[in-house]
Amino acid sequence: MQSSGTGPNGLKPGGGDQGGMGLREAMRTSGAERTFTEEPVPDEVLARVLDDARFAPSGANAQPWTVIVLRDPEIRRGVRELSVLGWREYRAQVKAGLRPFAPGPDGRWHGPGIDLAEAAATPQPMTFIDSLDRAPVLLVLCARLTALAVADVDLDRQSIVGGGSVYPFAQNVLLAARAEGLGGVLTTFLVRREPAAAKLLAIPADHAIAGVIALGYPQRRATRLTRRPVEEFARLDTFDGPAFPGPASRGTTL
Ligand SMILES: Cc1cc2nc3c(=O)[nH]c(=O)nc-3n(C[C@H](O)[C@H](O)[C@H](O)COP(=O)(O)O)c2cc1C
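Residues numbered from 1 in each chain as written. Predicted model: local features only at pLDDT ≥ 70, side-chain atom pairs only at ≥ 80, totals over all residues. Heavy atoms only, no water.

1. Examining the sheet that holds strand β2 (residues 137-144)
Strand pairing in a sheet relies on backbone hydrogen bonds, with the paired strands running either antiparallel or parallel. The four strands are arranged β1-β2-β4-β3 in an open sheet whose pairing can be described as antiparallel. In this open sheet, the two edge strands, each paired with only one partner strand, are β1 (65-69) and β3 (183-187). Pairwise comparison of adjacent strand axes, ignoring direction, gives a mean angle of 25 degrees for this sheet. Here eight bridges tie β2 to strand β4 (residues 207-216), and the two strands are oriented antiparallel to one another. For Cys142, the partnering residue across the bridge sits in β4 and is Ile209. Against the sheet, helix α2 (residues 43-53) makes contact with β1, β2 and β4, and its axis sits at roughly 30 degrees relative to β2, the strand it touches most. Lying over the sheet, helix α6 (residues 167-179) contacts β1, β2, β3 and β4, oriented at roughly 10 degrees with respect to β4. (Pairing = 2+ DSSP bridges. Helix = DSSP H or I, 4+ residues; strand = E, 2+ residues; numbered from the N terminus. Axes fitted to C-alpha atoms, helices over the stretch in contact; angles between N-to-C directions. Contact = heavy atoms within 4.5 Å.)

Here it is as structure tokens:
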């Protein structure tokens, strides 16, 4: 039986079940958190986060994810050291005025535009990544490649669809964490050293690393996220169609 004020699925439309926060508010205010207090995250809290996150969608409901909860200090250090190399490569591209690891207009990778080996050997201090192993929770997110439904697998461009079977899960982890008063961020720097990371973490060959999620009780929360407005990315009927929503409805519902 439905209680009053709930929708057909028994949930309150604006929220109420999301750790006291509405779903819309959670979506609109859950930014990347990279600084955490020293407070440990109890296992039961992390277990609840994963238990909520597992309801994420995936192609053919394959649920291709495996989460490795990092506890061993040596392994954590190894993950940090490998991630630092990816960060250096990323940062060097930004410094050179490039969009890091971006395909060209043809959707294909044409090289980094810089010397990646030199970049990886050049220190680039950054508190978050330099102390990644001190994050209260570190999760390595793996995806079983043979379970992915990669609809664009044979197109002559960068494939994008496969990730869609694992990144909604990552976002669910972040939102579920938010409901527990945690904050966090997904980082993909480790993927730059996937073979070494796979060895360190005993990840089998038919799995990829999708990223690392760091979680903890945030030192402070971002109050306002910078995101493009809807009319900048939504188009009517065709890609070059007019912006949606049109001027008439602008400001009424969004
Ligand atoms: C696929 C993906 C990869 C990301 N990789 C990294 C990363 O390697 N390191 C990092 O610090 N943040 C990473 N982020 C977090 C983004 O930087 C962050 O979501 C974005 O800048 C918005 O930040 P804001 O929520 O503070 O506005 C990643 C996010 C996504 C979705």
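Here the narrative resumes.
2. With respect to the packing of aromatic side chains
One pass over the structure, following the stated rule, counts five aromatic pairs. Between the aromatic rings of Trp87 and Tyr90, the centroid separation amounts to 6.1 Å while the plane-to-plane angle is 25 degrees, which identifies the pairing as stacked. Separated by three residues within a single helix, Trp87 and Tyr90 lie in helix α3 (residues 73-95), roughly one turn from each other. Look at Trp87 and you get buried, because its relative accessible area is 10%. (Phe/Tyr/Trp six-rings, centres within 6.5 Å; stacked < 30°, edge-to-face > 60°. Buried < 20%, exposed > 50% of the residue type's maximum accessible area, 1.4 Å probe, protein only.)

3. Thoughts on the site of the ligand
Taken together, the neighbourhood of the ligand is formed by Gly31, Ala32, Arg34, Phe128, Val185, Leu186, Thr187, Thr188, Phe189 and Arg227. Within the side chain of Arg227, a nitrogen or oxygen atom sits 2.7 Å from an oxygen atom of the ligand. In the complex, the protein chains occlude 58% of the 630 Å² of accessible area that the ligand would expose alone. If one sorts the elements of the shell around the ligand by residue count, β3 sits on top with three residues. A per-class count over the shell around the ligand returns five nonpolar, three polar and two charged. (Near = heavy atom within 4 Å. Polar contact = N/O pair within 3.5 Å; in protein donor to acceptor, adjacent residues only side chain to side chain. Areas by Shrake-Rupley, 256 points an atom, 1.4 Å probe, with all protein chains shown as cover. Nonpolar A, V, L, I, M, F, W, Y, C, P; charged D, E, K, R; others polar.)

4. Things to note about the environment of His110
Note on placement: His110 falls in the loop between α3 and α4 (116-120). Of the residues examined, His110 reaches a relative accessible area of 57% and is grouped as exposed.

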